[in-house]
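The chain contents come next:
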Amino acid sequence: MSSSVALEASIRAAFEQAFGGMPTALARSPGRVELLGNHTDYNGGLVMAAAIDRFTMIAGRKAESRRAQVHALAFGEDDVFAVDRVERSAAGSWSQYVRGVVWSLAELLEIQSGFDAVIAGDIPLGAGLSSSASLQTALATFLIGAGAVSDPAALGAHSPTTERADEVRMALGQILQRGENEFVGVASGLLDQFSVLFGRAGHALSLDCRSLAFERLPLGEPPPAIVVCDSKTSRRLADGMYNQRRSECERVVKHFGVRWLRDVTLKQLHSAWQDLDSVGRLRARHVLNENARVERGAKALKAGRLAEFGALMSESHRSSRDDFDNSSVELNALIEAAEASPGFLGGKLSGAGWAGCTVNLVEAAKAEAFADFVAAGYARRTGTSPAVHVCHSADGAFAWKCES
Ligand code: GLA
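Treat the numbers as computed from the prediction; the structure is a model and nothing was measured.

**Q** Please provide a residue-by-residue account of the nonpolar core, values included.
**A** Within the largest apolar cluster, 45 residues are counted, with the highest numbers of intra-cluster contacts made by Leu105, Phe115, Phe142 and Leu143. Examining the composition of this core, we find that 7 residues originate from one element, helix H3 (residues 131–146), more than from any other. If near-sequence neighbours (up to four positions away) are discounted, Leu105 is found in contact with Ile111, Ala140, Leu143, Val149, Leu172 and Ile175. Ile52, Ala300, Leu301 and Leu312 belong to the second largest nonpolar core, which has 28 residues in total.

**Q** Explain the domain arrangement of the protein residue by residue, including any values.
**A** By convention, interface size is frequently given as the accessible area that disappears when the constituent parts associate. Structurally, the protein comprises domain 1 (3–222 + 394–401) and domain 2 (225–391). On a C-alpha basis, the centres of domain 1 and domain 2 stand 25 Å from each other. When the two sides are added together, the surface that domain 1 and domain 2 hide from each other amounts to roughly 3400 Å², 62% of it contributed by carbon and sulfur. Across the contact surface, domain 1 and domain 2 share 4 salt bridges. Lys348 serves as the salt-bridge partner of Glu34, at 2.8 Å between the closest nitrogen and oxygen. The tally of links between domain 1 and domain 2 comes to 18 residue pairs in polar contact (both at pLDDT 80 or more). At the level of elements, strand E1 (25–36), strand E2 (46–62), strand E6 (203–208) and strand E7 (214–218) are the ones that each hand at least two residues to the side of domain 1 that touches domain 2. If you tally residues by element for the side of domain 1 that touches domain 2, the top one is E2, at 7 residues. Residues belonging to the side of domain 1 that touches domain 2 are distributed by class as follows: 18 nonpolar, 11 polar and 8 charged.

Conventions adopted
Residues numbered from 1 in each chain as written. Predicted model: local features only at pLDDT ≥ 70, side-chain atom pairs only at ≥ 80, totals over all residues. Heavy atoms only, no water. Core = buried A, V, L, I, M, F, W, Y, C linked by side-chain atoms within 4.5 Å. Buried < 20%, exposed > 50% of the residue type's maximum accessible area, 1.4 Å probe, protein only. Helix = DSSP H or I, 4+ residues; strand = E, 2+ residues; numbered from the N terminus. Contact = heavy atoms within 4.5 Å. Domains from an automatic or database assignment. Buried area = accessible area lost by both parts, 1.4 Å probe. Salt bridge = Lys/Arg side-chain N within 4 Å of Asp/Glu carboxyl O. Polar contact = N/O pair within 3.5 Å; in protein donor to acceptor, adjacent residues only side chain to side chain. Nonpolar A, V, L, I, M, F, W, Y, C, P; charged D, E, K, R; others polar.

This is the structure in structure tokens:
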């Protein structure tokens, strides 16, 4: 049974148990990995990502009242709040994300009713795979699908053509990012929401965070496996470090008097090298080289040169390790173990860094052998076992009506 089918069966049962009766709509949103373009999004730069087949699922229905009741299966916790007066909750961080979605959607859409919903999923939590953006988009998509918020025609969706649908996705991604930044209080860029909304099986996604131009790029046939190796090290440290890196980048932006770090060229950076602080210039070099790698990576994918794309991912990891200083002993050990494993095309840390996961592109036929080798190699190096997830690129968030 695929992970998605199993999830659907358990979430329907959980809904019935929590609320009685059947849900009227379901929504599913993937997790994501960052393939190239590390810490470029909030610098107005270029990113490349893929949605993966680990999902958040929501089952629910509109309520008669204007109250939201949400049950999170993974935590066995509930949250209840008034949809017209959304305040921060005392419950866990998952409920801040839930409330933040309603809070941010209310800026553009009309909230038509309250709702009852159950959340379930199989995205490893806190591993850098965007379980929170996946939760946000699953909920937003469910609310639209169930008719609990007004039709997103207000976002430009007058006809269901692909371009129109993508316009809605982009508007939705930006609103949800605002919810994460302003309501939840996490200063992330657009990468995560974009990736889980725009995903397509067999494709990578590239985004220009300054112009919002994007492309879906074929990963080849058969597409490589995307193997996620979780060091299981805590990412708590990452929050403070993430904001510190943002301000280090901002120092360089200020020096050049531009809007984004992206507006500085590598040539300008090198000319100003001696005038810049010794930390800021390394951070900036990483970001600008990452932008260039995304451009080269897009060309490689268009030409079907997957090995070259993989090599760029490995180069990106070295740049994170040496210039951006957001790797760790464990993440480096995972990459070293991957380099010595069969079918490896390239790999890097995924997302913020410092802990959590690496993402590896692996020849499809060798993915299982790779998974065994990398786990054994990492255990030899560190004495602990990683969690290894063999994933595949997947479609972005969508909702469907439920047959009872
Ligand atoms: C985290 C953030 C993203 C992005 C990455 C680093 O995953 O949520 O917005 O900044 O780190 O590329």
